[in-house]
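Structure assessment
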Amino acid sequence: MATEVITSRRRRYLFDNERVLGSLLMTPAVIYIVALVGFPFVLAIVFALSDVTTGSRGFSYVGLDNFVRILDDPVFLRSLKNTFVFAAISNVLVVVLATALAEILVADFKGKWVVRFFVLLPWTTPISLATIMWLWTLDSLFSPIDWVLRWLGLIESNSYFLGKPGLAMASVVIVHTWRIVPLAAVIMMAGLAAIPHEINDAARVDGAGFWRKRFEITIPLLAPIIAVAVLFGVILTITDMSVVWVLTRGGPTNTTQVLATWSFLKGIEGGALSQGAAIALFLLPVLVALTALILRLARRVEVF
Amino acid sequence: MATTVRDLKAERTRAVRRRRLGRIGLYAVAITAALLGAFPFIWSSLTAFKQNKDLYVKSNNPFLFNLAPTLDHFRFLFNDTNFLTFVRNTMVVGLAVVVITLLISLPAAYSLARLARKWGERLGIGIFLVYLIPSTLLFIPMQRVIVFLGLQESLWSLILVYPTELIRGDVFFWQSLQAAAIVVAVPIALVFNLFLDKFVSGFTMGAVKG
């Protein structure tokens, strides 16, 4: 009897049908993604296989010529290497600092609110504005860091942070780290909050000390969430162009160039759209590999 | 086991000392973290109030006001640049983005979570993958689209070229940019802070469920 009533109702009201309602609710999101991400994405692949430029409207298929040409370019190889090096080093730093920071964010102490505010500032500021502040902090003549180093007697004149290859690379890594640590810490904070109190209590009763508790309880239980934070961090560093663009524009002599800035320089500034697209496409295999990892993790932790 | 009263007392003082040490460590790390996070901001807000004559002397202590503080850079920002227009544009765009995002994603999220569990999960992952597409990859074709639409001189130069040129160009604009960074960053950080706990508990709700 009851089932009969339900089925008849389902027939009467179209929107009571889960399939119909479900796909109806999904449609706007799907259209949006196809139009604004899918379409340009396909266009980027088409461009990479053609000879389009910003100036002309000509268009012809050239196969893999663009890829052959960019692979011959030492600047491209340098950018490829830099992209990985920057992402790897800054994310190692992010994990170490953010695990510590997460503990601070969940701890209870006086002035907690002020500390939280300061700690989260880097994340809530637009990347370009935050990097502009760093640009001045790392200025060749008036850097306050230089002033402190001079005051301590460690250097004589200036360090030229953005003028020397090694220091410029370190600057890029530090700005990335500084910007991503708060996000990673907030993600891990959620992980910490999810660890049942009983486990911590049991450890304390059993006499586990500070480090023992960290390394044998907190960190293993946090591992999947740390992995999620790392994946977000890696994606953010690999796909970002503003930090390098604002700080060094890839200089000195392309030593801090990354794929994102190089494809912008080639494709938009230099006008070789097809090569720009080919360079940007190189990021894709990496990101696909990351995707596979995310899928495996997503099954273990339900954060998404 | 001969636990005397003295042993217990010693045990207790040791526990108290350990706790106190822990508190000191906590404060030390918290203050260091806050200073590291806020360093460019603290420094920018000092600089934004400094006279140019004070700034462009290498030997001047950058953390002190060697000359009287000034509002010149803020005055310049508000009177001689289009900063207020930028702020308004940002707010309009930001609001529009929030409204459109909610309109599109709320129904999608509902349908993913409640209605179609089987293909919902797969679709959800598919949507997440959009995160992975670098913006560089998208704005190169977008450039062609804008050229096709005949907007290259108006939109493109305004959106991308203009701000980046501005960043590197005028030195006097520097301190005003720093002032702008502070003006923009502080309110966002305040709001974010207010919602942090809610954000985290929303985040963990998903984690606890499984």
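Residues numbered from 1 in each chain as written. Chains lettered and ligands numbered in written order. Predicted model: local features only at pLDDT ≥ 70, side-chain atom pairs only at ≥ 80, totals over all residues. Heavy atoms only, no water.

**As for the overall build of chain B**
Helix and strand counts for chain B come out as eight helices and zero strands. When the helices and strands of chain B are placed in sequence order, the string is α-α-α-α-α-α-α-α. Out of the 210 residues belonging to chain B, those deemed buried represent 30%. Pairs at least 24 apart in sequence give 44% of the contacts found in chain B among residues at least 6 apart. Counting only carbon and sulfur atoms, one obtains 69% of the accessible surface of chain B, whose full area is about 13,600 Å². (Helix = DSSP H or I, 4+ residues; strand = E, 2+ residues; numbered from the N terminus. Buried < 20%, exposed > 50% of the residue type's maximum accessible area, 1.4 Å probe, protein only. Contact = heavy atoms within 4.5 Å. Areas by Shrake-Rupley, 256 points an atom, 1.4 Å probe, with all protein chains shown as cover.)

**So, the overall build of chain A**
In terms of regular secondary structure, chain A is built from 14 helices and zero strands. Across the 304 residues that make up chain A, the buried fraction comes to 49%. Counting only contacts in chain A whose residues sit at least 6 apart along the sequence, the fraction spanning at least 24 positions is 65%. Of the accessible surface of chain A, which amounts to about 14,700 Å², a share of 67% is contributed by carbon and sulfur atoms.

**A closer look at the nonpolar core**
Of all hydrophobic cores here, the largest spans 39 residues; its most connected members are F47, F67, I70 and F76 of chain A together with L137 and I140 of chain B. Counting residues per element, the ones that place at least two in this core are α2 (18–48), α3 (65–71), α4 (74–106), α10 (210–239), α12 (259–269), α13 (273–281) and α14 (283–300) of chain A together with α6 (135–148) of chain B. Among all residues touching L137 of chain B, those that are not within four sequence positions of it are F41, A44, A277, A280, L281 and L284 of chain A. (Core = buried A, V, L, I, M, F, W, Y, C linked by side-chain atoms within 4.5 Å.)

**Remarks on the packing of aromatic side chains**
Enumeration according to the criterion identifies 11 aromatic pairs over all chains in this entry. Pairing F76 of chain A with F282 of chain A gives two aromatic rings, centres 4.8 Å apart and planes at 65°, and the pair type is edge-to-face. Taken together, the positions of F76 of chain A in helix α4 and F282 of chain A in the loop between α13 and α14 put the pair 206 residues apart, joining distant regions of the chain. Under the relative-accessibility criterion, F76 of chain A is labelled buried at 0%. Here the aromatic residues W134 and W178 of chain A together with F39 and F41 of chain B are joined through ring pairs into a cluster of three or more. (Phe/Tyr/Trp six-rings, centres within 6.5 Å; stacked < 30°, edge-to-face > 60°.)

**Here's the deal with the environment of G267 of chain A**
Residue and element names in this part refer to chain A. Note on placement: G267 falls in helix α12. For G267, a relative accessible area of 0% gives the class buried. In this structure the C-alpha to C-alpha distance between G267 and V205, which are 62 residues apart in sequence, comes to 62 Å.

**Notes on helix α6 (residues 127–137) of chain A**
Buried residues dominate α6 of chain A, accounting for nine of its 11 residues. Those residues of α6 of chain A not exposed but buried are L129, A130, T131, I132, M133, W134, L135, W136 and T137 of chain A.

**Some points on unusual backbone geometry**
Residue and element names in this part refer to chain A. Positioned with a positive phi, T253 is a non-glycine residue whose angle comes to about 40°. Note that T253 resides in the loop between α11 (242–247) and α12. By relative accessible area, which is 75% here, T253 ends up exposed. The residue N254 is not glycine, and still its phi comes out positive at about 65°. Following the sequence through the fold, N254 ends up in the loop between α11 and α12.

**Observations regarding the environment of L154 of chain A**
Among the secondary structure elements, L154 of chain A is positioned in the loop between α7 (144–151) and α8 (165–194). Through-space distance from the C-alpha of L154 of chain A to that of V246 of chain A is 28 Å; in sequence the pair is 92 residues apart.

**A look at the packing of α6 of chain A against α8 of chain A**
Residues and elements named next belong to chain A. Running from amino to carboxyl end, α6 crosses α8 at an angle of 135°, the nearest separation of the two axes being 11 Å. If you check the angle between α6 and α8, you find them oblique. Here the hand of the crossing between α6 and α8 comes out right-handed. Residue-level contacts link I127, A130, T131 and W134 of α6 to V175, W178 and R179 of α8. The residue inventory of the contact of α6 with α8, partitioned by class, reads five nonpolar, one polar and one charged. (Axes fitted to C-alpha atoms, helices over the stretch in contact; angles between N-to-C directions. Parallel < 35°, antiparallel > 145°, perpendicular 65-115°, else oblique. Left-handed = near helix turned anticlockwise from the far one by under 90°. Nonpolar A, V, L, I, M, F, W, Y, C, P; charged D, E, K, R; others polar.)

**Structural notes on the confidence of the model for chain B**
All names here are of chain B. Per-residue pLDDT for chain B averages 70, and the proportion of residues at 70 or more is 60%. Per-residue pLDDT stays below 50 along residues 154–172; that stretch engages in 29 contacts with residues further than four places along the chain or on separate chains. Confidence estimates for the predicted assembly give a pTM of 0.78 and an ipTM of 0.73. (pLDDT = per-residue confidence, 0-100.)

**Focus: the pattern of salt bridges**
All chains considered together, the criterion is met by three salt bridges over all chains. The partner of R212 of chain A in a salt bridge is E216 of chain A, with the nearest N and O atoms 3.3 Å apart. Of this pair, R212 of chain A and E216 of chain A both sit in helix α10, four residues apart, roughly one helical turn. Residue classification places R212 of chain A among the exposed residues on the basis of a relative accessible area of 52%. Between E11 of chain B and R14 of chain B there is a salt bridge, and its shortest N-O distance comes to 3.7 Å. Here R14 of chain B and E11 of chain B lie together in helix α1 (residues 5–48), a separation of three residues that amounts to about one turn. (Salt bridge = Lys/Arg side-chain N within 4 Å of Asp/Glu carboxyl O.)

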